[in-house]
Amino acid sequence: MYNTLKITRPDDWHLHLRDGDMLKGILPETTRHFGRAIIMPNLVPPVITSNDAKRYRERILAACPHGTDFKPLMTLYLTDKTDPNDVALAFSDGLINAVKYYPAGATTNSDSGVTNIKNVMPVLEKMAEIGLTLCIHGEVTDPDIDIFDREAVFIDRVLNPLRISLPELKTTSEHITTKNGVDYVKSQSKNHAASITTHHLIINRNHLLVGGIKPHYYCLPVAKREEHRLAVRNAATSGDSRFFLGTDSAPHTDPNKESGCGCAGCFTATNTMSLLAHVFDEDDALENLEKFTSLNGPKHYGLKPNNGTIVLEKSDEPVQFPEKIHTNDGPVTVFNPGQEIFWKVKKT
Ligand code: NCD
Ligand code: ZN
C-alpha cells in the first residue's frame with residue numbers, strides 16, 4: 001500500500017489552452033504539475049500554418065507564470081488546403097510535434113476541418129515519410145450516425161482504412177471513450193497509440209444525464225455506457241505503453257456551459273493528478289500511474305521523459321479543490337469527480 005508516490009514529472013498529450021484572457025487565467029493550472037503538453041490548435045481562427053503556430057507558441061510562453069519551464073508542444077490544424085511543405089518545415093524546425101485531424105464539424109471550432117480524408121493524403125504521405133504524428137479526433141460527423149456510435153463507426157470507416165493504406169504514418173487516437181477504441185489500439189502492433197482523458201475514467205453517460213442534465217460533464221466524445229468506461233479504465237491502468245494521458249482539459253466559461261446549447265468540454269487541469277492517483281489506487285495499479293502520465297506518451301512521440309519529479313501524497317482528510325477558476329474571460333468550473341479524493345500533489 002502506498003501513501004506517497006514519487007513519479008517523473010507528467011505530460012499532458014492533449015490540452016486546450018485557448019488564447020487571450022482565458023489562456024492567462026487557466027495556464028497556471030497546467031504548468032503547476034505538467035512539464036509539457038500537446039496544445040490543440042482549435043482556436044478561432046485555427047492554428048493552420050507554421051507561422052500561426054510560432055505566434056501562438058510565443059503567446060503561450062509569454063503567459064507562463066514566472067519561473068516555470070513548461071514546454072508547449074505545438075500542433076497544426078489540418079485542413080483540406082494544408083501545404084505539405086509548410087508542415088515538413090515546421091517539423092524540421094522543431095516548431096511542431098504533431099498535426100491535428102478534426103473531421104469538419106465534429107467538435108468545438110472544427111468547421112475548418114477535413115471534409116474528406118482523400119483531400120489530405122499528400123500531407124499524410126509527407127508526414128509518414130518524415131515521422132510526424134497525426135493526432136486524430138476519431139468521430140464521424142454523418143448526421144445519420146447516433147452520437148454514441150460515432151467513435152466506433154469512425155474506426156471502421158476512416159481509421160482502419162487509413163492505417164492499412166499508410167501503415168508507416170504514426171497515429172494517435174485521441175480521447176478514446178469506447179471498448180472499440182481500446183480493442184483497435186491493441187490490434188495494432190506499431191505506430192498507433194491512444195490518449196485517454198481523466199474524466200472518461202470517472203464518468204459514464206448516466207453521470208451526465210440521470211437526475212438532471214450536468215453541463216459540466218458534457219464533452220466530446222460524449223461519455224458512453226459503463227462497459228466502455230471500464231474498458232478504457234482497464235487500458236489506462238494496465239501499464240500498456242500504447243495508452244497515455246491526454247486530459248482534453250477544455251475550458252469554457254460557465255455561461256457558455258450552462259446554456260440552452262452548452263459547449264462541450266470538461267476542465268480537469270486543476271485536479272487531474274489527484275484524480276488519476278485516486279483512480280489508479282482504487283484499481284490497485286499505482287505502480288502503473290507513472291507509465292500512464294509520464295513515460296508512455298514521450299515514447300510514442302519519440303521524446304525523452306521529463307527530468308523532474310512530482311510527489312503525490314494520500315492524506316487522511318479529503319482534498320479541497322477550487323470549485324471555479326476565475327479568469328478575466330469569466331468563471332470556469334473545475335471538473336467535480338462526485339466523490340471524495342484523498343490524493344494531493346505534495347511538491348513539484
Ligand atoms: C474540445 C474544446 O472545447 O475545444 N471539447 C471537448 O469536448 N473535448 C474540443 C475537442 O477536443 O473535441
Ligand atoms: Zn480536445
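Anything mentioned here points back to the structure above.
Rules used throughout
- Note on numbering: residues in each chain are counted from 1, in written sequence order.
- Written order decides the labels, with chains lettered from A and ligands numbered from 1.
- Reporting in this predicted model follows two pLDDT cut-offs: at least 70 for local features of residues, and 80 or more for side-chain atom pairs to be given and counted; totals over whole chains, interfaces and linings ignore these cut-offs and use all residues.
- For the side-chain quantities, the full set of heavy atoms in the structure was used; hydrogens and water were omitted.
- Note on conventions: DSSP H or I runs of at least 4 residues are helices, E runs of at least 2 residues are strands, and numbering of each starts at the N terminus.
- The reference for a compact globule is 2.2 Å times residues^0.38; the radius of gyration itself is calculated from the C-alpha atoms.
- Classification of residues uses two cut-offs on accessible area relative to the type maximum, computed with a 1.4 Å probe and protein chains only: under 20% is buried, over 50% is exposed, and between them is partly exposed.
- Salt bridge, as used here, is a side-chain nitrogen of Lys or Arg placed within 4 Å of a carboxyl oxygen of Asp or Glu.
- Lines fitted to the C-alpha atoms define the axes, with helices restricted to the stretch that makes contact. Angles between their N-to-C directions range from 0 to 180 degrees.
- Roughly parallel covers angles under 35 degrees, roughly antiparallel covers those over 145, roughly perpendicular covers 65 to 115, and oblique covers all other angles.
- Should any heavy atoms of two residues lie within 4.5 Å, those residues are counted as being in contact.
- Asp, Glu, Lys and Arg are counted as charged, while Ala, Val, Leu, Ile, Met, Phe, Trp, Tyr, Cys and Pro are counted as nonpolar; the rest, among them Gly, fall into the polar class.
- Metal coordination here is assigned from N, O and S atoms located within 2.8 Å of the ion, or within 3.2 Å for Na, K and Ca; omission of water means that sites may look incomplete.
- A site with four donors is called tetrahedral when every donor-metal-donor angle falls between 85 and 135 degrees; four donors are called square planar, and six octahedral, when opposite donors sit more than 155 degrees apart and all other angles fall between 65 and 115; any other arrangement is irregular.
- For this description, a residue counts as near a given molecule or strand if any of its non-hydrogen atoms is within 4 Å of it.
- Nitrogen and oxygen atoms within 3.5 Å of one another constitute a polar contact, given that in protein one can donate a hydrogen and the other can accept it, and given that sequence-neighbouring residues count only through two side-chain atoms.
- Areas reported here follow the Shrake-Rupley algorithm with a probe of radius 1.4 Å; residue values treat only the protein chains shown as occluding.
- At least two bridges found by DSSP between two strands are what make those strands a pair.
- What is meant by a nonpolar core is a set of buried Ala, Val, Leu, Ile, Met, Phe, Trp, Tyr and Cys residues, joined one to another through side-chain atoms within 4.5 Å.

1. Some remarks on the overall build of the protein
Phase 1 of the analysis: Looking only at helices and strands, one finds 12 helices and 13 strands in the protein.
Phase 2 of the analysis: Relative to the globule expectation of 20 Å for 348 residues, the C-alpha radius of gyration of the protein, 19 Å, shows essentially globular dimensions.
Phase 3 of the analysis: Principal-axis analysis of the C-alpha atoms places the extent of the protein at approximately 55 × 45 × 40 Å.
Phase 4 of the analysis: When burial is assessed residue by residue, the protein has 58% of its 348 residues classed as buried.

2. Notes on the pattern of salt bridges
It is possible for side chains of opposite charge to pair when their charged atoms get near one another.
Phase 1 of the analysis: Enumeration over the complete set of coordinates arrives at 17 salt bridges.
Phase 2 of the analysis: Within this structure, Arg233, Glu282 and Asp283 form a network of salt bridges that share partners.

3. Description of the packing of helix H11 (residues 272-282) against helix H12 (residues 289-301)
Phase 1 of the analysis: Running from N to C, H11 and H12 cross one another at 140 degrees; their axes reach a closest spacing of 9 Å. Comparing their axes, H12 and H11 come out oblique. Note on element contacts: H12 touches H11 through Leu289, Phe292 and Thr293, opposite Met273, Leu276, Ala277 and Phe280.
Phase 2 of the analysis: In terms of residue class, the contact of H11 with H12 is made up of six nonpolar, one polar and no charged.

4. Quick word on the coordination of the zinc ion (ligand 2)
Phase 1 of the analysis: Surrounding the zinc ion (ligand 2) are the protein donor atoms His14 (NE2), His16 (NE2) and Asp248 (OD), which sit 2.0 Å from the metal.
Phase 2 of the analysis: Here the zinc ion (ligand 2) binds four donor atoms, and the angle range of 92 to 138 degrees at the metal identifies the geometry as irregular.
Phase 3 of the analysis: Mapped onto the polypeptide sequence, the residues donating to the zinc ion (ligand 2) form the spacing pattern H-x1-H-x231-D. Note that His14 is positioned in strand E2 (residues 11-15) and Asp248 in the loop between strand E9 (243-245) and helix H10 (254-257), a separation of 234 residues in sequence. The same class applies to His14 and to Asp248, which are both buried.

5. Looking at the site of ligand 1
Phase 1 of the analysis: Neighbouring residues of ligand 1: 15 residues in total, closest Asn42, Thr107, Leu220, Asp248 and His252.
Phase 2 of the analysis: Within the side chain of His16, one N or O atom sits 3.0 Å away from an oxygen atom of ligand 1.
Phase 3 of the analysis: Contact distances for ligand 1 include 3.5 Å between an oxygen atom and a side-chain N or O atom of His137.
Phase 4 of the analysis: Here ligand 1 loses 100% of its free accessible area of 310 Å² to cover by the protein chains.
Phase 5 of the analysis: Looking at side-chain class alone, the shell around ligand 1 contains four nonpolar, nine polar and two charged residues.

6. Observations regarding the sheet that holds strand E6 (residues 133-136)
Phase 1 of the analysis: The parallel open sheet is built from eight strands, whose spatial order is E2-E3-E4-E5-E6-E7-E8-E9. Looking at the sheet topology across the chains shown, the edges are occupied by E2 and E9. Adjacent strand axes in the sheet meet at a mean angle of 30 degrees when their direction is disregarded.
Phase 2 of the analysis: Lying over the sheet, helix H2 (residues 50-63) contacts strand E3 (36-39), strand E4 (71-77) and strand E5 (96-101), oriented at roughly 150 degrees with respect to E4.

7. Overview of unusual backbone geometry
Phase 1 of the analysis: Of the consecutive residues Val44 and Pro45, the connecting peptide bond is found in the cis state with omega at -5 degrees.
Phase 2 of the analysis: In this model, Asp248 sits at a positive phi of 55 degrees, which is unusual for a non-glycine residue.
Phase 3 of the analysis: Among the residues examined, Asp248 registers a relative accessible area of 6% and is labelled buried.

8. Remarks on the nonpolar core
Phase 1 of the analysis: Core analysis: the biggest nonpolar cluster contains 52 residues, and Ile96, Leu124 and Leu134 have the highest contact counts within it.
Phase 2 of the analysis: A per-element tally of this core places helix H5 (residues 150-165) first, with six residues.
Phase 3 of the analysis: Beyond its immediate stretch of four places on either side in the chain, Leu124 contacts Leu78, Ile117, Leu134, Leu162, Leu166 and Leu169.
Phase 4 of the analysis: Core analysis: the second largest hydrophobic core is formed by 38 residues, Val232, Ala285, Phe292 and Val345 among them.

9. Topic: the sheet that holds strand E13 (residues 343-347)
Sheet strands associate in pairs through backbone hydrogen bonding, adopting either a parallel or an antiparallel arrangement.
Phase 1 of the analysis: The three strands are arranged E1-E10-E13 in an open sheet whose pairing can be described as antiparallel. Every other strand in the sheet has two partners, leaving strand E1 (4-8) and E13 as the edge strands with one partner each. Averaged over all pairs of adjacent strands, the angle between their axes in this sheet comes to 30 degrees, without regard to strand direction.
Phase 2 of the analysis: In the sheet, E1 pairs with strand E10 (residues 309-314) via five bridges, with the strands oriented antiparallel. Looking across to E10, one finds that Leu5 is bridged to Leu312.
Phase 3 of the analysis: On the sheet, H11 packs against E1, E10 and E13 and is oriented at approximately 125 degrees with respect to E13.

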